[in-house]
Amino acid sequence: MTADNEIDIKEAFQRAQKGHNNKAKLVASLKSRYNKLEDKTLFHDEFVHYLKYAMIVYKREPTVENVIEFVARFATSFQSPPKTEEEQQQENEEEEEEEEVEDDHPFLSFIFNFLLESHKASSHAVRFRVCQLINKLLGSMAENAQIDDDLFDRIHQAMLVRVTDKFPNVRIQAALAMTRLQQPKDPDCPTINAYLLILDNDTNAEVRRAVLSCIAMSPHTLPKVLKRTRDIKENVRKLAYQVLADKVHIKALTIAQRVSLLEQGLRDTSEAVREVVCSRVLPAWLLRLDGNIIELLHRLDVENCAQTALDTLKAIFKSKPAEELLQDRIQLDNRKLIPVDSLTCENVLYWRALCEFIKAKGDEGDEMLEQVLPDAATYGDYLYGYLRAVPVLSEEQRADFNQLELVMTKEFISQQLIHLIECLDTNEEGGRKRVLAVLQEMLALPQTPSSLVSLLTEKLLTLIPDDHRRIQTVAEIISDVREPITEASQQVDENESRRQQIQLAEVKVRILEAKQTLEDCITAQEFSRAAELKESITELENRRNQIVQEISESSQPADKEIRTEKNDPETLLRCLTMCAELLKQMNIKTRINPTISALMSSLVLPSIANAHPAVRNMAVVCLGTCTLHSKELAKTHMVLLLQIAQLDEVKIRISALRAIIDLLLLFGFQLLSETAATQTAPPSQSPDRQEEDAPQVAEEKGEVPEDSAQSILVMLSEFLDSEVSDLRTETAEGLAKLMYTGRISSAKMLSRLVLLWYNPVTEDDTRLRHCLGVFFQLYARESRAHQEVVEESFLPTVRTLMNAPATSPLAEVDINNVVELLVELTRPSALIKPSTNTEEVCVHDYLAVRMCGEMLKDPTAPEVRLYAKTLSNLELSRDETVRKDLQTLLQQLVQVVRDRVCLRALEKMVYQLVDSREQAELLSASALQPLDVNADEAATEDPSKSAKRAKKGQRKVCTAKGGRKPSRRAESSEESDGENVPESVPAVRPSRRAKTAALEKTKLDLNTLINQEANVS
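Residues numbered from 1 in each chain as written. Predicted model: local features only at pLDDT ≥ 70, side-chain atom pairs only at ≥ 80, totals over all residues. Heavy atoms only, no water.

## Some remarks on the nonpolar core
Point 1. In terms of nonpolar packing, the biggest core is built from 278 residues, with Trp351, Tyr379, Leu417, Phe794, Leu871 and Leu890 touching the most fellow members.
Point 2. Contacts of Leu890, omitting those with residues within four sequence positions, involve Cys852, Leu871, Leu906, Met909, Val910 and Leu913. (Core = buried A, V, L, I, M, F, W, Y, C linked by side-chain atoms within 4.5 Å. Buried < 20%, exposed > 50% of the residue type's maximum accessible area, 1.4 Å probe, protein only. Contact = heavy atoms within 4.5 Å.)

Following this line, the structure appears as structure tokens:
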């Protein structure tokens, strides 16, 4: 090869660095030169020589990226262009005849061999560029390109090694390079198995994103991709939803998976993720269903996920203009109603969602709402007709699954129709009265399903604004349900009937005798006597008519209206449900009136002793809600609620516990001081636990009797140890509320909650873990006083974990993780409103002194190493007195501690304290000195003038805050683009000239290196 050819290759690489050059022309020119050569070896060697200059640069410089792109284009340009189907078929026939297989191009094979030999280089830059080039080479090949089997296997093995590289960017390029090496139909495909391992275990989010972008969809990989929609990183979740929208058909997902995707996606904490679900996932699913929204609802099983379906519909409506909303309306008739025969779960839910969406627009949507919803009176009659038609099943019919399913469907439709009442225009008096009448009548009817009672009551109360009218209305309905009017028929008394017949016969005989006597008197012309007889006959006839009437009335049994009290469980449950809904809707400031008192005495309190658990539970709910409206009532029934919380069934105990927590939140523990004067608190169950929780009682705010408050705390502590997860979770949530609002300030109780959060027993209790996880962050960040409580709980928590027996679940807890959490919670910088006084003694100062004291007690204890390691992670204040005291303690520890690891940590801490003091003096001394822009450069050039360097194994602390030393894993994670960006160190602001010079230095040019090498040679 001549010198001219060498210059051509060098010039090609130099021109390729510039982005504005046409790489296609460069490739064509160099390819033409290559094809003219007979001996390709020298060309290969020189080409690789210049390529190496780019491969040793790790940073994503534009010039280097342009060179890599050029090399990939040039290498793949030797492949034959894609062929049509006819040409491919003809070529296949010729291959069958000749039985010869064409090998890959020599240059392409040479480049691949060079890269595969270099992938194990010690330089992470070389490994990164190798994987990047292989990725670009494979990606630039034609869709139907083929490579040699041996080369395929070599590439495959090399990239499988590189996806486990230490550096995230290398793993990213290796994962992308294996995109075309996947075999989705092979259940044992090593590439897919490696991808799945990365998705589950790789700590870097960008690596997980890279795998998500290139993994092939199959029944084997789909569950792992679905799992990434719950990834901790927003960008990973966002990409997971995009991949599912683009690559997965809605029919490939189960109903549970569809519902879970929408439920989590539409309620995600990230706006970007919610936007992807609305703009990518839902349109993709609708496109595959021909835009049929009702069909989409059918594939979500709306009966079991109504709220998720509503959120989905609202998201779809937001992306549509108003005109399309009205065009897509469901099958409404001329009355603006769906015919009863056409009602389904899907179209009635769509109707409700559409009306609620338009109603939420306010005045702007009133005109549109009139087109999809009738007036209130018409809708009231429509609702009444449908609710009356819902059948009531007997016990035998409930055994028939088909009939039960039909009734459940009708009840679901009824619920949606009742919800639509909120969208009606009830300002018109006639329509509002009609709807009220329908609701009252449906509540009074015994045929109304129990599942609708609560909802009907809620909508009834929303139409009545005044609390007193609400109470009166609901009380009347409860009275009609509890004591309905019945017509009682009276049986005919046979003795009375016989006596009346005898009287009638006597009267008739006397009338006959009187008439005979009258005729005799008239004949004898005794007219005065005849007149008297005539009057007596008239009286006897009246008496006869009266007796005849009585006989006729008594012969027909009369119906009499009477009220009979019903005490069956179903009736009591309906009445209590209405009462509970009433108390819930009432304003908390509304006092208990005589009507409510009457309901309490006649309905609620007697039902607490009912044999039916559901009735007892609802009665406890009513009692707890009612006591919130009256402090006197709360004092009276507090002991009853405490007894129920300990003795009844689990569900009822939880209801009572909620009521107790609500009362303590509203009235405080002072309520117990007033209750204890007349009543006795529940007995404590364990004297040992009383001693354990005694400090907690002493920390209560206000003057509260220790017996009462301590008994409640003992009870709650025992509930935390309950084997019933629901009771344990409710107790933990209640304690968290009491502590956050300041009703309890207890380090021991906080320690119990921390241990409960880490306890492996609660691993499956998602609600408990989530509740406590949120509580710890909010509680500690709220105030300095809360951080002091966390600091007080530090040592008891560590002692409990260190002393846990091997058989205890707490023995499996990682103590280092617990300590890290408590340190993070007590950081002064974590406060929502941090103190402006930098000289103030912070919580970490006290914590450091406490740990030093613990280590001095027993320098050989196993936890000494843990305390020594934790000291370096604390944010200590700049108070000189505290620092001197701490330094004295540390020097004492250095003399007594024998463990080498602990000694190194303690010596490092002493050095940090001394060094920070010297730095503070330097800062104060240099505060009046003029700024020197080039000071940093001068210090770099002359090491003797620079500040004192840290000793080997020690790290200099530039500020008063003791930062945590990053682990190797964290350092390697920082190499990834956009991941784990290290915090910037405060520095002097450089001048504009210094900025310009620094910017020029960042523009890498490979020409300097190439020319320097040429001159040397």
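From this point, the discussion proceeds with the structure in view.
## Re the packing of helix 3 (residues 41–55) against helix 6 (residues 106–118)
Point 1. Here helix 3 crosses helix 6 at 45°, and the two axes come no closer than 11 Å. If you check the angle between helix 3 and helix 6, you find them oblique. Crossing geometry of helix 3 relative to helix 6 is assigned as right-handed. Contacts between helix 3 and helix 6 involve Phe43, His44, Asp45, Phe47, Val48, Leu51, Lys52 and Met55 from the first element and Pro106, Phe107, Phe110, Ile111, Phe114 and Leu115 from the second.
Point 2. Here the residues of the contact of helix 3 with helix 6 sort into 11 nonpolar, 1 polar and 2 charged. (Axes fitted to C-alpha atoms, helices over the stretch in contact; angles between N-to-C directions. Helix = DSSP H or I, 4+ residues; strand = E, 2+ residues; numbered from the N terminus. Parallel < 35°, antiparallel > 145°, perpendicular 65-115°, else oblique. Left-handed = near helix turned anticlockwise from the far one by under 90°. Nonpolar A, V, L, I, M, F, W, Y, C, P; charged D, E, K, R; others polar.)

## Remarks on the environment of Thr762
Point 1. As for its position among the elements, Thr762 is in the loop between helix 38 (747–758) and helix 39 (766–782).
Point 2. A relative accessible area of 1% places Thr762 in the buried class.
Point 3. For Thr762 and Arg728, which are 34 residues apart along the polypeptide, the C-alpha to C-alpha distance reads 9.4 Å.
Point 4. Beyond its immediate chain neighbours, meaning those up to four positions away, Thr762 contacts Arg728, Leu756, Trp757, Leu768 and Arg769.
Point 5. Engagement of the side chain of Thr762 in a polar contact is seen with the backbone oxygen of Leu756, the distance being 2.9 Å.
Point 6. Within the structure, the side chain of Thr762 is placed 2.9 Å from the backbone oxygen of Asn759, a separation counted as a polar contact. (Polar contact = N/O pair within 3.5 Å; in protein donor to acceptor, adjacent residues only side chain to side chain.)

## So, the pattern of salt bridges
Point 1. Under the definition given, this model contains 46 salt bridges.
Point 2. With a closest N to O distance of 3.4 Å, Asp311 and Arg267 form a salt bridge. One end of the pair, Asp311, is in helix 17 (residues 306–318); the other, Arg267, is in the loop between helix 14 (255–266) and helix 15 (271–288), and 44 residues separate them in sequence.
Point 3. Judged by its relative accessible area of 45%, Arg267 falls in the partly exposed class.
Point 4. Each of Arg658, Glu730, Glu733, Lys737 and Arg767 takes part in salt bridges that share partners, so that together they form one network. (Salt bridge = Lys/Arg side-chain N within 4 Å of Asp/Glu carboxyl O.)

## Observations concerning helix 8 (residues 149–162)
Point 1. For helix 8, spanning 14 residues, the distance from its first C-alpha to its last is 20 Å, which sits close to the expected 20 Å at 1.5 Å a residue.
Point 2. Where the residues of helix 8 are buried, they touch helix 6, helix 7 (124–140), helix 9 (168–177) and helix 10 (190–201).
Point 3. Between the side-chain oxygen at the start of helix 8 and the backbone nitrogen of Asp150 there is a gap of 3.1 Å, and the oxygen is on Asp148. (Expected span 1.5 Å × (residues − 1).)

## Observations regarding the confidence of the model for the protein chain
Point 1. Across the protein chain, the average pLDDT comes to 80, with 81% of residues at 70 or higher.
Point 2. Every residue in residues 680–704 scores below 50 in pLDDT, and together they form 49 contacts with partners more than four places removed in sequence or on other chains.
Point 3. Note on residues 922–975: pLDDT under 50 across the span, and 62 contacts to partners over four residues away in sequence or across chains. (pLDDT = per-residue confidence, 0-100.)

## Comments concerning the packing of aromatic side chains
Point 1. Counted under the stated rule, the structure contains 25 aromatic pairs.
Point 2. Between Phe317 and Phe357, the ring centres sit 5.6 Å apart and the planes meet at 55°, which makes this aromatic pair tilted. Pair noted here: Phe317 is in helix 17 and Phe357 is in helix 19 (residues 345–359), with a separation of 40 residues, a long-range link.
Point 3. On the basis of relative accessibility, which here comes to 1%, the residue Phe317 falls in the buried class.
Point 4. Note on Phe357: relative accessible area 14%, which makes it buried.
Point 5. Pairing Phe794 with Tyr867 gives two aromatic rings, centres 6.5 Å apart and planes at 40°, and the pair type is tilted. Of this pair, Phe794 sits in helix 40 (residues 784–802) while Tyr867 sits in helix 43 (residues 863–871), and the two are 73 residues apart along the sequence. Each of the two residues, Phe794 as well as Tyr867, counts as buried.
Point 6. Aromatic ring contacts, followed pair by pair, group Phe13, Tyr34, Phe43, Phe47, Tyr50, Tyr53, Phe70, Phe74 and Phe107 into a single cluster.
Point 7. The ring centre of Tyr384 lies 5.9 Å from the NZ or CZ of Arg434, which sits over that ring. (Phe/Tyr/Trp six-rings, centres within 6.5 Å; stacked < 30°, edge-to-face > 60°. Lys NZ or Arg CZ within 6 Å of the ring centre and 35° of its normal.)

## Here's the deal with the packing of helix 40 against helix 41 (residues 815–825)
Point 1. At a closest axis distance of 9 Å, the pairing of helix 40 and helix 41 adopts a crossing angle of 170°. By the angle class used here, helix 40 and helix 41 are roughly antiparallel. Facing helix 40, whose interface residues are Gln787, Val790, Phe794, Thr797, Val798, Leu801 and Met802, helix 41 presents Ile815, Val818, Val819, Leu822, Val823 and Leu825.
Point 2. Residues that form the contact of helix 40 with helix 41 fall into these classes: 11 nonpolar, 2 polar and no charged.

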